[in-house]
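Next come the chains, spelled out residue by residue.
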There are 2 protein chains.
Amino acid sequence: MRAQALHGHLDALLLAVLEQGELHGYAIIDALRARSGGTLDLPTGTIYPALRRLERAGYVASSWSTVNGRERRTYRLTDAGLRALAGERAGWREFSDTVGRFLGTDQPPAPA
Amino acid sequence: MRAQALHGHLDALLLAVLEQGELHGYAIIDALRARSGGTLDLPTGTIYPALRRLERAGYVASSWSTVNGRERRTYRLTDAGLRALAGERAGWREFSDTVGRFLGTDQPPAPA
DNA sequence: CCTCATGTGTAGCAAGGCTACCTGTCTGCC
DNA sequence: GGCAGACAGGTAGCCTTGCTACACATGAGG
């Protein structure tokens, strides 16, 4: 899958993943790959800047911890992030509905 | 709708619109607006460069005609464009399926 | 006459994901 | 002991692509 198709939707994915529990960056990449069946295999250079963006926006908060002598930065969803996620879901629905109307995802063009 | 969410999907939309018959740029904008129920209202500065991109790629071909003293450039889908559209449709399905799995468009997370 | 819709077009900006690179620890293999 | 590779985090700069703002031209309507 052409990954740049994500453009603008990555934030929503990250929020959705963090909705199920706090994770650190590397684990987020694993979670995305696992839940997408391998389709989403995002490089660290995509994830880390995106997480910082979300943190600047106040949608996630991070805390450092040390696991096996390795520094880990764990991210969790904030209340604002949860609200943002709801908005992103609505936005995604409208977007996919609109584009799907042209590309015929699974809803036929004229049911009625 | 945040229009930049289109990123990477605009070409597919244009091909899909032209699939139903040849149109000129301005009419394409109208068609997108009409078929999307007003959601997609794209500026000319988005459409014209995109059409040139598609023409360079060989997916559409254009021809000039004069209507009411106004020069019109009419675009039609090429065979390569038709094939590209099929690929775009498949790509869209995979993309929307993948993202939908996270944002829960209409398929629940764990049906079984 | 002037404005607005029709119609095409360009220059430059901005956003966002990607490539390529760097740092460091721990584990396993030779 | 040394080296590769997974784990873990991070940055700089590129590239694509849609958007804003503008320019040009004609025809219709006030």
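Up top is the structure.
Residues numbered from 1 in each chain as written. Chains lettered and ligands numbered in written order. Predicted model: local features only at pLDDT ≥ 70, side-chain atom pairs only at ≥ 80, totals over all residues. Heavy atoms only, no water.

A.B. asks: How do you make sense of the packing of helix α4 (residues 79-103) of chain A against helix α4 (residues 79-103) of chain B when you look at a structure like this?
C.D. replies: Between two packed helices, both the angle of their axes relative to each other and the distance between the axes serve to describe the pair. The contact between α4(A) and α4(B) brings their axes to 11 Å, and the two run at 160 degrees. Here α4(B) runs roughly antiparallel to α4(A), going by the angle between their axes. Viewed along their axes, α4(A) and α4(B) form a crossing whose handedness is left-handed. Each of A:Leu85, A:Arg89, A:Trp92, A:Phe95, A:Ser96, A:Val99, A:Gly100, A:Phe102 and A:Leu103 in α4(A) lies in contact with α4(B), whose residues at this interface are B:Leu85, B:Arg89, B:Trp92, B:Phe95, B:Ser96, B:Val99, B:Gly100, B:Phe102 and B:Leu103. (Axes fitted to C-alpha atoms, helices over the stretch in contact; angles between N-to-C directions. Helix = DSSP H or I, 4+ residues; strand = E, 2+ residues; numbered from the N terminus. Parallel < 35°, antiparallel > 145°, perpendicular 65-115°, else oblique. Left-handed = near helix turned anticlockwise from the far one by under 90°. Contact = heavy atoms within 4.5 Å.)

A.B. asks: Help me out: how do you make sense of helix α2 (residues 25-35) of chain B in this one?
C.D. replies: By the burial criterion, the buried members of α2(B) are B:Gly25, B:Ala27, B:Ile28, B:Ile29 and B:Leu32. Looking at the packing, one finds that the buried side of α2(B) touches α4 of chain A together with α1 (10-19), β1 (23-24), α3 (44-56) and β3 (70-77) of chain B. B:Gly37 sits one or two residues past α2(B) and shows a positive phi near 70 degrees. (Buried < 20%, exposed > 50% of the residue type's maximum accessible area, 1.4 Å probe, protein only.)

A.B. asks: Help me understand the interface of chain B and chain A in this model?
C.D. replies: Accessible area lost upon the coming together of the parts serves often as the stated size of an interface. Each partner contributes residues to the interface: chain B has 34 residues there, and chain A has 34 residues. Carbon and sulfur atoms make up 66% of the surface buried where chain B meets chain A, a total of about 3,200 Å² over both sides. It is B:Trp92, B:Phe102 and B:Leu103 that lose the most area in chain B upon contact with chain A, and together they represent 27% of the buried surface on that side. Here chain B is connected to chain A by zero salt bridges. Elements represented by at least two residues in the side of chain B that touches chain A include exactly α1, α2 and α4 of chain B. If one sorts the elements of the side of chain B that touches chain A by residue count, α4(B) sits on top with 14 residues. Here the residues of the side of chain B that touches chain A are counted per class, giving 15 nonpolar, twelve polar and seven charged. (Buried area = accessible area lost by both parts, 1.4 Å probe. Salt bridge = Lys/Arg side-chain N within 4 Å of Asp/Glu carboxyl O. Nonpolar A, V, L, I, M, F, W, Y, C, P; charged D, E, K, R; others polar.)

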